[in-house]
6 protein chains.
Amino acid sequence: MSQFSRRLGRIVAPRTVVHAHCDVPCGIYDPAGAALAAKTVSRMVELIGQIDAGSTAVADRQKFVRCVTVKEQHAEIVKHEVQVIWSDYFKPEHLTAYPDLHTKVWNVLKLASKNKQNIDAEAAAQLEAAVKEFSDIFWATKK
Amino acid sequence: MSQFSRRLGRIVAPRTVVHAHCDVPCGIYDPAGAALAAKTVSRMVELIGQIDAGSTAVADRQKFVRCVTVKEQHAEIVKHEVQVIWSDYFKPEHLTAYPDLHTKVWNVLKLASKNKQNIDAEAAAQLEAAVKEFSDIFWATKK
Amino acid sequence: MSQFSRRLGRIVAPRTVVHAHCDVPCGIYDPAGAALAAKTVSRMVELIGQIDAGSTAVADRQKFVRCVTVKEQHAEIVKHEVQVIWSDYFKPEHLTAYPDLHTKVWNVLKLASKNKQNIDAEAAAQLEAAVKEFSDIFWATKK
Amino acid sequence: MSQFSRRLGRIVAPRTVVHAHCDVPCGIYDPAGAALAAKTVSRMVELIGQIDAGSTAVADRQKFVRCVTVKEQHAEIVKHEVQVIWSDYFKPEHLTAYPDLHTKVWNVLKLASKNKQNIDAEAAAQLEAAVKEFSDIFWATKK
Amino acid sequence: MSQFSRRLGRIVAPRTVVHAHCDVPCGIYDPAGAALAAKTVSRMVELIGQIDAGSTAVADRQKFVRCVTVKEQHAEIVKHEVQVIWSDYFKPEHLTAYPDLHTKVWNVLKLASKNKQNIDAEAAAQLEAAVKEFSDIFWATKK
Amino acid sequence: MSQFSRRLGRIVAPRTVVHAHCDVPCGIYDPAGAALAAKTVSRMVELIGQIDAGSTAVADRQKFVRCVTVKEQHAEIVKHEVQVIWSDYFKPEHLTAYPDLHTKVWNVLKLASKNKQNIDAEAAAQLEAAVKEFSDIFWATKK
């Protein structure tokens, strides 16, 4: 088993659930899940790029199918995580300091959709950056 | 809306998925999800304890149903997260340093089952401790 | 089997999936699912209100558990449907005509959370109204 | 932990998936899953009957919530399993020998709904019998 | 991002849940979800036909994987929606007016399976027609 | 519709859930689900091997995507089923007779991961053998 396939194997392995939002009364929310999912989208684009496009070897074709599926799922995870924190954690008073919060959230979701539809390293990098920006706002409000 | 119900509301809100295991090639696994889930089990036991057992008020009865459901789901999350890291991350060479790894994992799963079946602060604390121990081993192997 | 339990039975029966968003190229999105889910939340609050709170009859207690679960699921459906249309259908040009779209969406999500946490006919009515308002905007942009 | 709660604990534990239908080319379908689920519905009705209806002890109330949930899920499993075999396994030629197959399937589904809505040992026994009858037809066609 | 990929993107976007069956006491069931899903199956067959079969471009190959997955899921949705209405909404008295209801339902399910297994515009059109026929019967009984 | 595609069609059809573990008090657990899933992994590897690797026919390419997906899902089922029985059924006293139980379970999970990552008849056969061995131990403890 190659290093490559072993690594991909881990990626497609069963995912476990964590919370983007508080589930203990002290209010623990965490955008780390969204960031990790965005990073995974980028990595999938990278891995797809390493597959010889013209190859008809079954191993290559299987990697392609698995990478596309993982990319799809993780772009969806980004959307879900960010939306949960936005609607459940953020309160009206946060909007004073971050008046464009709604627009930024919207942008993350749009970028996630774009990454589902394309295999595009630039779009993946933009998604990672947008999630980081959202994450920075989140943590700034926790200070 | 009371402070209590607002907090519980967050807890039952949609959960988002993160990975207990590596999904980028550099091998990122994280038992933080298991720890958070175990903590949630404890918190649910605590919240259930605060509900007046004899109360027939619908608000109290609803809280009870929701807390039991959350406890059930999070005990299950603990089982899943720990099992994934155990089977996907740990390698035979780790067993030399931690020969009782298998037994410890088994113990976590048994404790999670016990917490599903009971409303028992002691069992919840044991689950948190067992997950912490598993987590400590995990991080020790990452050094 | 009473008329009551037969009706509730239908409600808890398996749900089937439809799309809040376009899945054919002509761009079909539909907020009808969100409206139906909000209506169901209201109905559950109504049904819970009809159960004798002090009753210890198992039939009554079962109805309570089932109604709370259905309410929880449908409040979640409202959140998901509205968020999908908001992120996938609406485009920047729509914001000119509806500059408070983001705020309205946020409000729907907050109301859905409130309805999870409470058994409150007033909050349920507000949720229905907020979804209707979102729906009206949606259809206005389709003209 | 009592014998009772330990047993219930097992019941609510994570379920694993098997196939009611052939997933290897030699055509392996199996109604055993439907039968086991119907049996579980019966058992849940029995367990609910053993709980002191008027008890306000949290342990009793938790058992009630868990048993109702398990009953609901297993009635749903019955519906799904039977429907899959009916639509995927049975062929027009089987109808000659079993002209009332469609009616029998319909009856199973109706009984499963009835068991969701009620806590009724009689209805549960009827469901078990109906699934057995369906199962007998299935196996007769395999001879 | 091409018009094509944008449209496909919408199709694969997260689906939200609506009810094929009544979940308010006045008995609202709706086969619209089944019809939309059948239409989506047809559209996927059409989109797959537009992809250059011999192309090794990753964009083309990704579209293929996504379209096959969407087709699979929507054929499944058709099966589930139709089965729910059949078992939960229709009552024995409806069979007098529509004695071949069971046969028609069975036929829809068989056609959905055929569409999973093949990329066949004719089979997709038959599925749409069969669902429409089922839908017509449904609405006729509501008059 | 060819014999081949009809068979595959069944395989990808909706799966129904059964229990690897006891859900009636007399303690019924059954590793049959794990064995069937392992067999399915093998069969998928076989079916993939029968597809002309260089073919660009859409029918062939669709079969490939579906087989890879089914293989992925069933390798996951193996992991889940075995883990449930291991943690929920086996008790400390079983370890005396089977001191390497933990190691054997771990091995099954590792093999399942390997089968996700590869299209490898040898690895699939090993998985089937490892599940059989686990199953034999299970049944031996039931005597």
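### Considering the overall build of chain A
Then, in step 1: Within chain A one finds 6 helices and 1 strand.
Then, in step 2: Counting from the amino terminus, chain A carries its helices and strands in the arrangement α-β-α-α-α-α-α.
Then, in step 3: Each of the 143 residues in chain A was classed as buried or not, and the buried ones make up 61%.
Then, in step 4: Expressed as a percentage of contacts within chain A between residues at least 6 apart in sequence, the contacts between residues at least 24 apart total 72%.
Then, in step 5: Approximately 4900 Å² of chain A is accessible, and the part contributed by carbon and sulfur atoms is 56%.

### Quick word on the pattern of salt bridges
Residue and element names in this part refer to chain D.
Then, in step 1: Scanning the model with the defined rule gives 42 salt bridges over all chains in all.
Then, in step 2: Put simply, Lys 132 and Asp 136 hold a salt bridge, and the shortest N to O gap is 2.8 Å. On the criterion of helical spacing, the pair formed by Lys 132 and Asp 136 is a turn pair, its members being 4 residues apart in helix H6 (residues 121-142).
Then, in step 3: Overall, Asp 136 belongs to the partly exposed group, its relative accessible area being 42%.

### Brief notes about the packing of helix H2 (residues 32-50) of chain F against helix H3 (residues 58-89) of chain F
Residues and elements named next belong to chain F.
Then, in step 1: Direction vectors running N to C along H2 and H3 enclose 155°, while the axes themselves pass 8 Å from each other. Put simply, H2 runs roughly antiparallel to H3. Of the two possible hands of crossing, H2 and H3 adopt the one that is left-handed. Here Gly 33, Ala 34, Ala 37, Ala 38, Thr 40, Val 41, Met 44, Val 45, Leu 47 and Ile 48 of H2 come into contact with H3, specifically with Phe 64, Cys 67, Val 68, Val 70, Lys 71, His 74, Ala 75, Ile 77, Val 78, Glu 81 and Val 82.
Then, in step 2: Split by residue class, the contact of H2 with H3 holds 16 nonpolar, 3 polar and 2 charged.

### Re helix H6 (residues 121-142) of chain A
Owing to its 3.6 residues per turn, the α-helix brings residues three or four apart onto one side.
Then, in step 1: Here H6(A) is 22 residues long and its end C-alpha atoms lie 32 Å apart, about the 32 Å a rise of 1.5 Å per residue gives.
Then, in step 2: In this fold, the buried residues of H6(A) make contact with helix H2 (32-50), helix H3 (58-89), helix H4 (94-97) and helix H5 (101-117) of chain A.

### Description of the confidence of the model for chain A
Atomic detail in the predicted coordinates should be set aside for any region of low pLDDT.
Residues and elements named next belong to chain A.
Then, in step 1: Counting all residues, the mean pLDDT for chain A is 79, and 80% of those residues have values of 70 or more.
Then, in step 2: Across chain A, the element-wise mean pLDDT spans from 35 in strand E1 (residues 16-18) up to 96 in H6.
Then, in step 3: Every residue in residues 1-27 scores below 50 in pLDDT, and together they form 112 contacts with partners more than four places removed in sequence or on other chains.

### Regarding the packing of aromatic side chains
Then, in step 1: Across all of its chains, the model carries 35 aromatic pairs over all chains by this definition.
Then, in step 2: Note on Trp86(A) and Trp106(C): the rings are 6.3 Å apart at their centroids and 25° apart in plane angle, and the pair reads as stacked. With Trp86(A) in helix H3 and Trp106(C) in helix H5 (residues 101-117), the pair connects residues from two separate chains.
Then, in step 3: In this structure Trp86(A) comes out as buried when scored by relative accessible area, which is 0%.
Then, in step 4: Classification of Trp106(C) by relative accessible area gives buried; the value is 4%.
Then, in step 5: When the ring of Phe90(A) is compared with that of Phe138(A), the centres are 6.5 Å apart and the planes differ by 85°; the resulting orientation is edge-to-face.

### Considering the side chain of Arg61(B)
Then, in step 1: Note on placement: Arg61(B) falls in helix H3 (residues 58-89).
Then, in step 2: Beyond its immediate sequence surroundings of up to four residues, Arg61(B) is in contact with Ser55(B), Thr56(B), Asp52(C), Ala53(C), Arg61(C), Phe64(C) and Arg61(D).

### What to know about the side chain of Lys71(B)
Then, in step 1: Residue position: Lys71(B) is located in helix H3.
Then, in step 2: At 2.8 Å, the side chain of Lys71(B) and the backbone oxygen of Asn115(B) are in polar contact.
Then, in step 3: With near-sequence residues (within four places) excluded, Lys71(B) lies in contact with Val41(B), Met44(B), Val45(B), Ile48(B), Asn115(B), Lys116(B), Asn118(B), Ile119(B) and Gln62(D).

### As for the environment of Ala121(F)
Then, in step 1: Mapped onto the fold, Ala121(F) is located in helix H6 (residues 121-142).
Then, in step 2: Distance from Ala121(F) to Ala140(F), taken between C-alpha atoms, is 29 Å for residues 19 residues apart in sequence.

### Notes on the packing of helix H2 (residues 32-50) of chain C against helix H6 (residues 121-142) of chain C
Residue and element names in this part refer to chain C.
Then, in step 1: Packing of H2 against H6 leaves a shortest axis separation of 9 Å and a crossing angle of 170°. Considered as vectors, H2 and H6 are oriented roughly antiparallel to each other. On the side of H2, the interface is formed by Ala 34, Ala 35, Ala 38, Lys 39, Val 41, Ser 42 and Val 45, while H6 contributes Ala 121, Ala 124, Ala 125, Leu 127, Glu 128 and Val 131.
Then, in step 2: Taken together, the residues that form the contact of H2 with H6 break down as 10 nonpolar, 1 polar and 2 charged.

### Details of the environment of Asp88(F)
Then, in step 1: Its place among the elements puts Asp88(F) in helix H3.
Then, in step 2: By relative accessible area, which is 9% here, Asp88(F) ends up buried.
Then, in step 3: For the pair Asp88(F) and Lys110(F), spaced 22 residues apart in the sequence, the C-alpha separation amounts to 20 Å.
Then, in step 4: Separated by 2.8 Å, the side chains of Asp88(F) and Lys79(B) make a polar contact.

Calculation notes
- Residues numbered from 1 in each chain as written.
- Chains lettered and ligands numbered in written order.
- Predicted model: local features only at pLDDT ≥ 70, side-chain atom pairs only at ≥ 80, totals over all residues.
- Heavy atoms only, no water.
- Helix = DSSP H or I, 4+ residues; strand = E, 2+ residues; numbered from the N terminus.
- Buried < 20%, exposed > 50% of the residue type's maximum accessible area, 1.4 Å probe, protein only.
- Contact = heavy atoms within 4.5 Å.
- Areas by Shrake-Rupley, 256 points an atom, 1.4 Å probe, with all protein chains shown as cover.
- Salt bridge = Lys/Arg side-chain N within 4 Å of Asp/Glu carboxyl O.
- Axes fitted to C-alpha atoms, helices over the stretch in contact; angles between N-to-C directions.
- Parallel < 35°, antiparallel > 145°, perpendicular 65-115°, else oblique.
- Left-handed = near helix turned anticlockwise from the far one by under 90°.
- Nonpolar A, V, L, I, M, F, W, Y, C, P; charged D, E, K, R; others polar.
- Expected span 1.5 Å × (residues − 1).
- pLDDT = per-residue confidence, 0-100.
- Phe/Tyr/Trp six-rings, centres within 6.5 Å; stacked < 30°, edge-to-face > 60°.
- Polar contact = N/O pair within 3.5 Å; in protein donor to acceptor, adjacent residues only side chain to side chain.

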